[in-house]
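Working through the structure, step by step
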Amino acid sequence: MAKSKEHQFDISAKLDMQEMKNAVIQSQKEIDNRYDFKGMIKEIDLNQGAKTLVLTSASDNKVDAMKDILISKMNKRDISINSLEEVKAEDASGGNRKFTYKIIDSIEKDEAKTIQTEIKKLKLKVTAVNQGDEIRVTGKNIDDLQNVMKHLKSLELKAPLVFDNFR
């Protein structure tokens, strides 16, 4: 008798940095062309190495407007807004305001444990194994795996979850 095939998928918080760069470039272009930003500082600085994003402009309202534009560009590129976590807001030179965001592209240990606990609570015939940057979920029934994905999407988690390698 043939052994039934195991199905699996990986859960991660990987961020497509090229898509993030594209969203930043498009946002900067739109902001540069907006009348309400003429003649003032309006910078978006993406630091891939430090995994930070800094928005600088004349006031909190202007920075908020810049962030709204950036979020709309991120949404169009399927980048979760959970990928940005505000770290600090501070005064910058020239009376400007500077907001710094951390780019989240991995699942932290505590959150990985929460995810695994949530999967166990479902009492489905699946196993979830933490593999460092990702969690591999395996099971014989595809419906069980889809139920796990659906449940995890419904949770208020910090990490922007990405489901890969479904097979």
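Report on the accompanying structure.

Parameters and conventions
Residues numbered from 1 in each chain as written. Predicted model: local features only at pLDDT ≥ 70, side-chain atom pairs only at ≥ 80, totals over all residues. Heavy atoms only, no water. Helix = DSSP H or I, 4+ residues; strand = E, 2+ residues; numbered from the N terminus. Buried < 20%, exposed > 50% of the residue type's maximum accessible area, 1.4 Å probe, protein only. Lys, Arg positive; Asp, Glu negative; His and termini not counted. Salt bridge = Lys/Arg side-chain N within 4 Å of Asp/Glu carboxyl O. Contact = heavy atoms within 4.5 Å. Pairing = 2+ DSSP bridges. Axes fitted to C-alpha atoms, helices over the stretch in contact; angles between N-to-C directions.

A closer look at the side chain of E111
Locating E111 in the fold gives a position in helix 3 (residues 109–121). Look at E111: it is buried, it has no salt bridge, and the nearest opposite charge is K158 at 6.3 Å. Beyond its immediate sequence surroundings of up to four residues, E111 is in contact with L157, K158 and A159.

Things to note about the sheet that holds strand 4 (residues 84–92)
Strand order in the open sheet made by the 4 strands is 2-3-5-4, with antiparallel pairing throughout. Each end of this open sheet is capped by a strand with a single partner; those strands are strand 2 (42–47) and strand 4. Going across the sheet, the axis of each strand differs from the next one's by a mean of 15 degrees, ignoring polarity. Bridge count between strand 3 (residues 52–57) and strand 5 (residues 96–103): 6 bridges; the pairing is antiparallel. By the bridge assignment for strand 5, T52 is matched with K102. Of the strands in this sheet, strand 2, strand 3, strand 4 and strand 5 touch helix 1 (residues 17–32), which is tilted by about 170 degrees from strand 2. Each of strand 2, strand 3, strand 4 and strand 5 is contacted by helix 2 (residues 60–76), which is oriented at about 135 degrees to strand 3, the strand it contacts most.

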